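Results of the structural survey
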Amino acid sequence: MARLLNSSFVPSSSSFRRRPTLPPAFHISGNRSRTTQVQAKIREILMPALSSTMTEGKIVSWIKSEGDKLSKGESVVVVESDKADMDVENFYDGYLAAIMVDEGGVATVGSAIALLAETEDEIAEAVSKASSSSSSSPATTAAESTSSPSSDPQEKIVDNAGPVPASKAPVTSGSVVASSTHPASEGGKRIVASPYAKKLAKELKVELGRVVGTGPLGRIVAKDVEAAAASDVAAVGSSPGVGAAATVPGKSAGIELGMVVPFTTMQGAVSRNMVESLAVPTFRVGYTISTGALDALYKKIKSKGVTMTALLAKATALALVKHPVVNSSCRDGKSFTYNSSINIAVAVAIDGGLITPVLQDADKVDIYSLSRKWKELVDKARAKQLQPHEYNTGTFTLSNLGMFGVDRFDAILPPGTGAIMAVGASQPTVVASKDGRIGMKNQMQVNVTADHRVIYGADLASFLQTLAKIIEDPKDLTF
Amino acid sequence: MQASLSVSFSPNSSTTISRSHNTFQSIPFSHGKPLNLRFCGLRREALGFTSLKRHDSNYRVHISSGRHSNKVSAALSANGSPPKSFDYDLLIIGAGVGGHGAALHAVEKGLKTAIVEGDVVGGTCVNRGCVPSKALLAVSGRMRELQSEHHLKALGLQVSAAGYDRQGVADHANNLASKIRSNLTNSMKAIGVDILTGFGTILGPQKVQVGSSNNIVTAKDIIIATGSIPFVPKGIEVDGKTVITSDHALKLESVPDWIAIVGSGYIGLEFSDVYTALGSEVTFIEALDQLMPGFDPEIGKLAQRVLINPRKIDYHTGVFATKITPARDGKPVIIELIDAKTKEPKDTLEVDAALIATGRAPFTNDLGLDNINVATQRGFVPVDKRMRVLDAAGNLVPHLYCIGDANGKMMLAHAASAQGISVVEQVTGRDLVLNHSSIPAACFTHPEISMVGLTEPQAREKGEREGFEVSVAKTSFKANTKALAENEGEGLAKLIYRPDNGEILGVHILGLHAADLIHEASNAIALGTRIQDIKFAVHAHPTLSEVLDELFKSAKLKSQASSPEPVAV
């Protein structure tokens, strides 16, 4: 399309079969006013409005690369609008200092997509500007397989701010959590990731260097990247000054109403998971459980570091032992797996998102170890240091909003698992007994959402009955 | 080309006197794809030559029993020399698509024809190329449709998860190849072409040994149509399992999780379409700086956006794969890459499989070319524009022609066939020179890519050299009703032309059924039709053909080009 404007291509006649394409020249010239002057000598190149209905544009390709000298009127970038691809011309002489939206990236109309420096000396300045001020994330090109994951984020940042990094510069957005275990990866120096994994990493802004590969020979495959993205809370919160991370603190400081906020990596991952969950036919079964005995037990062993979450997870795990189907999962719609271990994922809110640390083998581990493990996981989650296997191996999920006084709610089933249980607050409730008396009991409502392809109403009902029995007579929880 | 031939002839059996008039119609013949072909050729040594006899096919002498002589209806080449006896008027070495096309046309022209095949009838195209790949691509196309949820949703369709059975897909490809092979064989047998089994070796002028040394056949004219084989660069070890060529890939013995495809031309691109539809991830390795070299740059760019970027494909350009080791001892396939320019090691890839699609090499070894003093050039048989073979000194070798991949002029099945037909025309007295710029090519990805004539840079260069202006017109499939009805609006048709006289220099299409749409343009080029004339041709509405209608209509010609003189009233 590069030559589109210079060719004798006639966009359209008035034929009804043609889609009207607005004459490009008109719109391009309209950009002139948009190329606002940021500073004396560093200008932003903005995403132009190429048609009246265009709200965002996709960068098809950069005709020029960073460091290139540009003269007025030269085509710099090809933008795909809702109607066509168009070359965008440059209106000032200068140097293309920094590309802020990579090829394939999308930017809203009027947002900066690159910086133009007037002289070569100002390129460095512009680059640092790009990395600190860009609202859309800069060059988050997936790390090439040659690039080494940095073990020193500080050093990486310096690299990034250096003059005109190659467009393939790896972006570090957090500390190195793990390296690929691919045997040929030379101790993590090389990253072996499948093509789709690389694509996803770019899309989800996941740094491949810290993804653990589970594919053949330890290669990073798509699902590893997805799993990493789901936990990318870590990267977003802690990394200083790179890319999307830089914008987060600003946002939390004060929310500007009417502002459109792009998803953070984690929000993107959550969004994908939630949409994916719509493909699963779920149903819900609720149950009211008396918690008097559990509360009493909790009081007794609290001093030994046992938490309510661990107790609930333990009770659930013991109930699952008797109802393996509720601990199963269906992935392909044709078969389902009785999971070999009972791993209870517990949803935890952390700033700007949600993560589900997993208590592995909750049925086998004793309540004290389980409580210690839970504390460790929560600390790690806060420090954004959870490893993928610590948040993505759950077979059954618990979500508890009881601490807010919520008495009942309903949870969305995380894809890849069979059921999730929403736990409400335990509250003193007036209860009528069979013999006609009225009494007070502590009760909580639980509500299980399950995948009806594999788990049926009777399964859940009997699981809940078992769970109620365990909670109402909790002596087994402590062994 | 000759998708259907109406051949009318009277077989005249040498044993029976009765004559029957049969009409053969429509010999179904599918080729289509420019995957280049490979015919199998000949072997063995040669001795001198003997027969200098000339032969006029009107007065044929039967040498072996059971041969059919065909009534000659065409003009004969009067060569002045006294009729001498040859076994055949025309002997074709290699029964691929090129040889087949030549054989059919030769019979139509009344030549007594034999075809030599050392392997299987059909050559590369039918057995290891265009034909089975089309079967796989038919599967990949449907898989893509069924997997494209939003596309189906937009049409209001609901389909539950699509899956495939690898063996079933492989069988489909194999069955198709067998079917086409038997069609091809029957179409030749039915009209009396002798199929001689064995490798053919040229012993001397007009003399070929078929298979064993005691089987020597003479013919007035000989066509070499031995085709090509996959080209495997040095350092690459093909094991047929994890490092494969198109020959193996078409058997679809496995669908690897991750396959590297070396070469991003037609073959590589088509296989990337197949593999990604079946769930593989693909890495392209291309020596040039851009993927899909050879395509019009604009089409290549769009193809990259449509066929590469949204798929599970990544690529390395500007690199050579210097060493590829098959998977063994629990290690993956290892590919060593060096920078194409600096020759410095650049990267090492570890993948599950590698497909070598770096082009094709002519299959001309052991053909006996030494016996007639012909030196191949990188394996290709040198020919002039009439496909006449040139010897080492650059002189014409009488009665010897070479068509198809073996001459390397245009490595496409249908080009070979067209060259074969032009040779038959020449030996029967009509000087037909094939216009290669009218031969279309197609790549059967989803959507398809097709082209004929020059690319835009080629046209501009030619315009500069010869001093004419070059213009470009484009239309989008988004503007086509039928394409939108199919919800397949992605696509572009591009016309490169001379605004001064309306000559069509090239047409490039990427879009739904592009491979079928190109023929309007290729026919126009072949027949010399100008834009000012073709733009008035009517296209049914609504059809995809209207994309070309729009294209021709959108071309802007200089006023003097308006051709048909208005009729004076």
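Computed from a predicted model, the values in this text were never measured in an experiment. (Residues numbered from 1 in each chain as written. Chains lettered and ligands numbered in written order. Predicted model: local features only at pLDDT ≥ 70, side-chain atom pairs only at ≥ 80, totals over all residues. Heavy atoms only, no water.)

Topic: the nonpolar core
In terms of nonpolar packing, the biggest core is built from 69 residues, with Val225, Val326, Ile344, Phe396, Leu398 and Met421 of chain A touching the most fellow members. It is helix 10 (residues 308-322) of chain A that contributes the most residues to this core, nine residues altogether. Ignoring anything within four residues of it in the chain, the contact list for methionine 421 of chain A reads Thr316, Phe396, Thr397, Leu398, Ser399, Val446, Asn447, Val448, Leu464 and Leu467 of chain A. By size, the runner-up hydrophobic cluster in this structure holds 54 residues, among which are Ile180, Ile224, Ile372 and Ile403 of chain B. (Core = buried A, V, L, I, M, F, W, Y, C linked by side-chain atoms within 4.5 Å. Buried < 20%, exposed > 50% of the residue type's maximum accessible area, 1.4 Å probe, protein only. Helix = DSSP H or I, 4+ residues; strand = E, 2+ residues; numbered from the N terminus. Contact = heavy atoms within 4.5 Å.)

Thoughts on the sheet that holds strand 25 (residues 471-476) of chain B
The strands that make up a sheet pair up through hydrogen bonds in the backbone, lying either parallel or antiparallel. Residues and elements named next belong to chain B. Spatially, 23-24-27-26-25 is the arrangement adopted by the five strands of the open sheet, whose pairing is antiparallel. Only two strands of the sheet have a single partner each, and these edge strands are strand 23 (441-443) and strand 25. Ignoring which end each strand starts from, the neighbouring axes of this sheet average 10 degrees apart. In this structure, strand 23 lies alongside strand 24 (residues 448-453), joined through three bridges in antiparallel fashion. For alanine 442, the partnering residue across the bridge sits in strand 24 and is serine 450. Sitting on the sheet, helix 10 (residues 456-466) touches strand 24, strand 25, strand 26 (492-497) and strand 27 (504-511), and the angle it makes with strand 26 is about 10 degrees. (Pairing = 2+ DSSP bridges. Axes fitted to C-alpha atoms, helices over the stretch in contact; angles between N-to-C directions.)

Thoughts on a nonpolar patch on the surface
Residues and elements named next belong to chain B. Taken together, the side chains of Leu146, Leu155, Leu157 and Val159 present a nonpolar region at the surface, about 320 Å² in accessible area. By secondary structure assignment, the location of leucine 157 is in the loop between helix 4 (149-155) and helix 5 (166-190). What makes leucine 157 partly exposed here is its relative accessible area of 45%. (Patch = residues over 30% accessible without salt bridge, like charges linked within 9 Å, V, L, I, M, F, W, Y side chains within 5 Å. Areas by Shrake-Rupley, 256 points an atom, 1.4 Å probe, with all protein chains shown as cover. Salt bridge = Lys/Arg side-chain N within 4 Å of Asp/Glu carboxyl O.)

Examining the packing of aromatic side chains
Using the criterion set out here, one finds four aromatic pairs over all chains in the structure. Residues phenylalanine 396 of chain A and phenylalanine 463 of chain A carry aromatic rings whose centres are separated by 5.7 Å and whose planes lie at 55 degrees to one another, so their mutual orientation is tilted. Of this pair, phenylalanine 396 of chain A sits in strand 16 (residues 396-400) while phenylalanine 463 of chain A sits in helix 13 (residues 457-472), placing them 67 residues apart in sequence. Assigned by exposure class, phenylalanine 396 of chain A and phenylalanine 463 of chain A land together as buried. Ring geometry for tyrosine 266 of chain B and phenylalanine 295 of chain B: centres 5.8 Å apart, planes at 45 degrees, overall tilted. On the criterion of sequence distance, the pair formed by tyrosine 266 of chain B in helix 7 (residues 266-277) and phenylalanine 295 of chain B in the loop between strand 14 (281-286) and helix 8 (297-308) is long-range, its members being 29 residues apart. Residue class for tyrosine 266 of chain B comes out partly exposed when judged on its relative accessible area of 24%. Overall, phenylalanine 295 of chain B belongs to the buried group, its relative accessible area being 7%. Seen from the ring of tyrosine 92 of chain A, arginine 43 of chain A lies directly overhead, with NZ or CZ sitting 3.8 Å from the centre. (Phe/Tyr/Trp six-rings, centres within 6.5 Å; stacked < 30°, edge-to-face > 60°. Lys NZ or Arg CZ within 6 Å of the ring centre and 35° of its normal.)

Overview of the confidence of the model for chain A
Parts of the prediction with low pLDDT should not have their coordinates interpreted in detail. Residue and element names in this part refer to chain A. On average, residues of chain A score 74 in pLDDT, and 72% of them reach the 70 mark or higher. For chain A, helix 3 (residues 153-161) is the element with the lowest average pLDDT, namely 39, and strand 17 (residues 419-423) is the one with the highest, namely 94. Every residue in residues 1-39 is under pLDDT 50, and counting partners more than four places away or in other chains gives 82 contacts. Long-range and interchain partners of residues 233-253, a stretch whose pLDDT sits below 50, account for 34 contacts in this model, where long-range means more than four residues apart. (pLDDT = per-residue confidence, 0-100.)

Focus on the pattern of salt bridges
As a working rule, side chains carrying opposite charge can pair if their charged atoms are close by. Residues and elements named next belong to chain B. Under the defined criterion, the tally for this structure stands at 37 salt bridges over all chains. A salt bridge links aspartate 500 to arginine 498; its shortest N-O distance comes to 2.8 Å. A cluster of three or more residues bridged by salt bridges with shared partners is formed by Asp296, Glu298, Glu456, Arg460, Lys474 and Lys494.

A word on the sheet that holds strand 16 (residues 319-325) of chain B
All names here are of chain B. The three strands lie next to each other as 16-17-18, forming an open sheet whose pairing is antiparallel. The sheet is open, and its two borders are formed by strand 16 and strand 18 (345-351), each paired with just one other strand. Each strand axis lies, on average, 25 degrees off the axis of its neighbour in the sheet, ignoring direction. One ladder, built from six bridges, connects strand 17 (residues 333-339) with strand 18; its direction is antiparallel. Of the residues in strand 18, the one forming a bridge with isoleucine 334 is glutamate 350.

Points about the packing of helix 3 (residues 130-147) of chain B against helix 7 of chain B
Residues and elements named next belong to chain B. Where helix 3 meets helix 7, the axes come as close as 8 Å, and the angle between the chain directions of the two elements is 45 degrees. Between helix 3 and helix 7, the interaxial angle falls into the category oblique. Considering how the two elements wind past one another, helix 3 and helix 7 form a crossing that is left-handed. On helix 7, the residues touching Ser133, Lys134, Leu136, Leu137, Ser140, Met143, Arg144 and Gln147 of helix 3 are Glu270, Phe271, Ser272, Asp273, Val274, Thr276 and Ala277. Of the residues that constitute the contact of helix 3 with helix 7, the class distribution is six nonpolar, five polar and four charged. (Parallel < 35°, antiparallel > 145°, perpendicular 65-115°, else oblique. Left-handed = near helix turned anticlockwise from the far one by under 90°. Nonpolar A, V, L, I, M, F, W, Y, C, P; charged D, E, K, R; others polar.)

Some remarks on helix 5 (residues 222-230) of chain A
Residues of helix 5 of chain A that are buried include every one of Ala222, Asp224, Val225, Ala227, Ala228 and Ala229 of chain A, and no others. Residues of helix 5 of chain A that are buried in the fold lie against helix 4 (195-204), helix 8 (265-277) and helix 12 (388-391) of chain A.

Some details on the environment of arginine 372 of chain A
All names here are of chain A. Tracing the backbone shows arginine 372 in helix 11 (residues 367-382). By relative accessible area, arginine 372 is classed as exposed at 55%. Separated by 65 residues in sequence, arginine 372 and threonine 307 have C-alpha atoms that sit 8.9 Å apart.

What about the UniProt feature "active site" (unreviewed entry) in chain B?
Residue and element names in this part refer to chain B. With numbering matched to this structure, UniProt assigns "active site" (unreviewed entry) to His541. When you line up the elements, histidine 541 lands in the loop between helix 13 (531-534) and helix 14 (546-554). Given the relative accessible area of 42%, histidine 541 is considered partly exposed. Of the polar contacts made by the side chain of histidine 541, one reaches the side chain of glutamate 546; its length is 2.6 Å. (UniProt positions renumbered as here; feature names shortened; annotations may be inferred. Polar contact = N/O pair within 3.5 Å; in protein donor to acceptor, adjacent residues only side chain to side chain.)

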